[in-house]
Amino acid sequence: MASPSRQLPVLGSPPARRAVLARRIQLLVAATITYNVIEAVVAITAGTHASSTALIGFGLDSVIEVSSAAAVAWQFAGRDPEAREKTALRVIAVSFFALAAYVSVESIRALVGDAEPRHSSVGLVLAALSLLIMPALSYAQRRAGRELGSRSAVADSKQTLLCTYLSAVLLVGLGLNSLFGWSWADPVAALVIAAAAVKEGREAWRGDACCAPARTGSTAGTDSCGCQSGCSCRSAG
């Protein structure tokens, strides 16, 4: 996946268009928060019942997604969203790291412990449902964020896209455990979730390091990615 600072527009959008895009992002963020609150409650409850580290980790990722989306909502609620972008990006990054730390510890404990995760029909259905919903939300927000030139909106869309990948990982882990009794597949799937979270956290943290989309129609002093003079968009992630 590209870093949140790449592929952002060089040309500034007209004020009216920027207002439309900002409103669209707010609506998409609200939809993401609503779905993830429901997803978190269902996943954590089902994961606790089934002793599934992967399912609990998936539910916690939904909680992190809520905090990430809330950071973007806070950013665009202000009069100058761009002034709040750096803080929003840092909140998103820290959210990723917190998820990775918790899931890693719990996965290792599950691998060396005696507890074995049980079959979870609810978890399987939830993972499959998220595979259908999350890509659409991610695509819509990423498209609006790139046109607006908002790195935080793009970073949050990547958090949503990560949920899609994690849904696939969760589905495989739960499926292997249910079909073949491979209890190790559940914590291993959770470790994949943790590794993906670390990668995305690093990219979100570095997303404000260099590449700033131009606020006007001028391209003077920028490279092909819209980075300021003396700055490479590759260095930002």
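What comes next concerns the included structure. (Residues numbered from 1 in each chain as written. Predicted model: local features only at pLDDT ≥ 70, side-chain atom pairs only at ≥ 80, totals over all residues. Heavy atoms only, no water.)

### Topic: the environment of A54
Here's step 1: Locating A54 in the fold gives a position in helix α2 (residues 53-77).
Here's step 2: Note on A54: relative accessible area 1%, which makes it buried.
Here's step 3: Put simply, A54 and V169 are 115 residues apart on the chain and 8.9 Å apart in space, counted from C-alpha to C-alpha.
Here's step 4: Apart from residues no more than four positions distant in its own chain, A54 is found in contact with L170, D186, A189, A190 and I193. (Helix = DSSP H or I, 4+ residues; strand = E, 2+ residues; numbered from the N terminus. Buried < 20%, exposed > 50% of the residue type's maximum accessible area, 1.4 Å probe, protein only. Contact = heavy atoms within 4.5 Å.)

### Side note on the packing of helix α3 (residues 85-112) against helix α5 (residues 151-180)
Here's step 1: The geometry of α3 relative to α5 is characterised by a closest axis approach of 9 Å and an angle of 20° between their N-to-C directions. Relative to α5, α3 is oriented roughly parallel. The handedness of the crossing between α3 and α5 is left-handed. In this structure, α3 contributes E85, A88, L89, I92 and F96 to the contact, and α5 contributes R151, S152, A155, D156, Q159 and L162. (Axes fitted to C-alpha atoms, helices over the stretch in contact; angles between N-to-C directions. Parallel < 35°, antiparallel > 145°, perpendicular 65-115°, else oblique. Left-handed = near helix turned anticlockwise from the far one by under 90°.)

### Things to note about the packing of aromatic side chains
Centre distance and the angle of the planes are the two values used to describe a pair of aromatic rings.
Here's step 1: Using the criterion set out here, one finds two aromatic pairs in the structure.
Here's step 2: With centroids separated by 5.6 Å and ring planes inclined at 15°, the aromatic side chains of W182 and W184 adopt a geometry described as stacked.
Here's step 3: Three or more aromatic residues link up through ring pairs in this structure, and these residues are F180, W182 and W184.
Here's step 4: Just above the ring of W205 sits the side chain of R90; from NZ or CZ to the centre is 3.9 Å. (Phe/Tyr/Trp six-rings, centres within 6.5 Å; stacked < 30°, edge-to-face > 60°. Lys NZ or Arg CZ within 6 Å of the ring centre and 35° of its normal.)

### Overview of the environment of R202
Here's step 1: For R202, the position within the fold is in helix α6 (residues 185-206).
Here's step 2: R202 sits in the partly exposed class, given a relative accessible area of 47%.
Here's step 3: Spatially, the C-alpha atoms of R202 and I92 are 10.0 Å apart, while their sequence positions differ by 110 residues.

### Here's the deal with the packing of α2 against α3
Here's step 1: For the pair α2 and α3, interaxial distance at closest approach is 9 Å and the crossing angle is 170°. Relative to α3, the element α2 is oriented roughly antiparallel.
Here's step 2: Residue composition of the contact of α2 with α3, grouped by class: 14 nonpolar, eight polar and three charged. (Nonpolar A, V, L, I, M, F, W, Y, C, P; charged D, E, K, R; others polar.)

### Here's the deal with the pattern of salt bridges
Here's step 1: Tallied over the entire structure, the rule returns four salt bridges.
Here's step 2: Ionic pairing is found between R18 and E82, a salt bridge with its closest N-O pair at 2.7 Å. One end of the pair, R18, is in helix α1 (residues 15-50); the other, E82, is in the loop between α2 and α3, and 64 residues separate them in sequence.
Here's step 3: Note that R151 is salt-bridged to E85, the shortest N-O span being 2.9 Å. Here R151 is found in helix α5, whereas its partner E85 is found in helix α3, with 66 residues between them in sequence.
Here's step 4: For R151, a relative accessible area of 11% corresponds to the buried category.
Here's step 5: On the basis of relative accessibility, which here comes to 6%, the residue E85 falls in the buried class. (Salt bridge = Lys/Arg side-chain N within 4 Å of Asp/Glu carboxyl O.)

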